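What follows is the residue order along each chain.
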Amino acid sequence: MKQPELGRKIVELRTAKGLTQEELVELCKISVRTIQRIESGEVTPRSYTVKTILAALGYDLGRFAASENDNGASRSWMKSFMLKGVDLRQPSEFMAKQLNIAWILGVGYFILGFLEGPAEYFRIASGEMIFGKGGYVIIKIFVLITYIFMQRGFFIIGSLFNNYLVKITSVVLIGSMTLLQCYEIVTVYSNSPALEWVSVGVSVSFGAIGILFGISLIKLNRSLGAASLLAGAFEIIAGALFLTVALSFAGFFVLIPAELLEIILLYRSAEIAKERSGVANFA
C-alpha cells in the first residue's frame, strides 16, 4: 500500500486499539518521529518497518495485503483525489503537494481561458466553431480538469485556514462547472435551441456564486494578506457584472486579474503548508 493510504490505515488501526503514538512507539520500538511521518504520509517505510508496526497493532499482514489488492489502484487514486481520510486541519507534505498541483493546473486553466473565450463567443454569436467540433470538445475537457484541480486547492485552503465559506463555494463551483461543461459538450452534437437562454441562466448563477466566492477570499486576508483582498474584490465585481447578463462580457476581463491572484494564493498556501508541516514534524 502506498502513501498516504498506508499512513491513514495505520492511524485507523492505532485509534481502533485506543493507542496513542507514544504507546505504539513502546510496542514496536520505532521512534515517535518515524511514526508521525509515516502516519502523515510523508515517508514510505521499508517493508520490515510496516511488518513491525502491524505486528504491534495485532493486524495480520496477509489481511493487509488482501485489503490493498481489493481496493485497487483506481480506487486508491479516487480516495486520494477526494481527500477521503485525510486530516486537512493539520498541514502536511501531502497537503503542500496537492496545493502545488492546484496552482500549476491553475496556470493551465488561465491559459486555456484565452482559447475557450473566443470559442464560446463565436459559437453563441454566430454559431461558428472556430476550432472545429473536436477542438472545441478537447478545450472544454481540459478546462474542466484544470478548473476542478484549481478549485480543489481552494477546498484545501478552506480547511487549512478554517474558512468554511471557501470550502462550500469551491464545491459548488466544481459542481456547476462540471454540469456546464458537460452540457456544452453534449450540445455540440445535439443542437439545443435554448442555448442562449441557458447562457443567461449560467451568467446569473455564476455571478451569484462568484460574489460569495469573492467574500470568502476576502476572509482569508489575515492568513494570506492583501492578495486575497484584491482577488476577492475582483471576484465580487466580476460576479456583479455577470448578474447583469448584459455586462457579462466585461466580467470575463475582470476575472483575468482575479484568476492570476488566485494562483498566487494557491502558491502561497502551498508554501505555508510545507513550512507548517516541517515545524509540526520537528516538534
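Residues numbered from 1 in each chain as written. Predicted model: local features only at pLDDT ≥ 70, side-chain atom pairs only at ≥ 80, totals over all residues. Heavy atoms only, no water.

1. A short note on the confidence of the model for the protein
- Summarising the model, the protein shows a mean pLDDT of 84, and 84% of its residues fall at 70 or more.
- In the model of the protein, helix H5 (residues 61-81) stands out as the element of lowest mean pLDDT, 53, in contrast to helix H11 (residues 226-244), which has the highest, 96.
- Taken as a whole, residues 279-283 scores under 50 in pLDDT and shows four contacts with residues more than four places along the chain or in a different chain. (pLDDT = per-residue confidence, 0-100. Helix = DSSP H or I, 4+ residues; strand = E, 2+ residues; numbered from the N terminus. Contact = heavy atoms within 4.5 Å.)

2. Comments concerning the environment of Phe154
- Inspection of the secondary structure assignment puts Phe154 in helix H7 (residues 132-160).
- Owing to a relative accessible area of 0%, Phe154 belongs among the buried residues under this scheme.
- Spatially, the C-alpha atoms of Phe154 and Ile168 are 9.8 Å apart, while their sequence positions differ by 14 residues. (Buried < 20%, exposed > 50% of the residue type's maximum accessible area, 1.4 Å probe, protein only.)

3. Concerning the layout of surface pockets
- The volume enclosed by the largest pocket comes to roughly 1,400 Å³.
- If you go around the largest pocket, you meet 45 residues; those closest to its centre are Gly117, Phe242, Ser248, Phe252 and Leu255.
- The set of elements that each furnish at least two residues to the lining of the largest pocket consists of helix H6 (93-126), H7, helix H8 (164-189), helix H9 (195-218), H11 and helix H12 (248-282).
- Among the elements that make up the lining of the largest pocket, the one with the highest residue count is H6 (eleven residues).
- Counted by class, the lining of the largest pocket contains 28 nonpolar, nine polar and eight charged residues. (1 Å grid on protein atoms, 1.4 Å probe; cavity = no way out; pocket = protein on both sides within 12 Å on 5 of 7 lines; lining within 4 Å. Points joined across faces, edges and corners; volume = space filled by probe spheres on them. Nonpolar A, V, L, I, M, F, W, Y, C, P; charged D, E, K, R; others polar.)

4. Some thoughts on the packing of H6 against H7
- H7 packs onto H6 with a crossing angle of 140 degrees between their chain directions and a minimal axis gap of 7 Å. Here H7 runs oblique to H6, going by the angle between their axes. In this structure, H6 crosses over H7, and the sense of that crossing is left-handed.
- Grouping the amino acids of the contact of H6 with H7 by side-chain chemistry returns 19 nonpolar, five polar and five charged. (Axes fitted to C-alpha atoms, helices over the stretch in contact; angles between N-to-C directions. Parallel < 35°, antiparallel > 145°, perpendicular 65-115°, else oblique. Left-handed = near helix turned anticlockwise from the far one by under 90°.)

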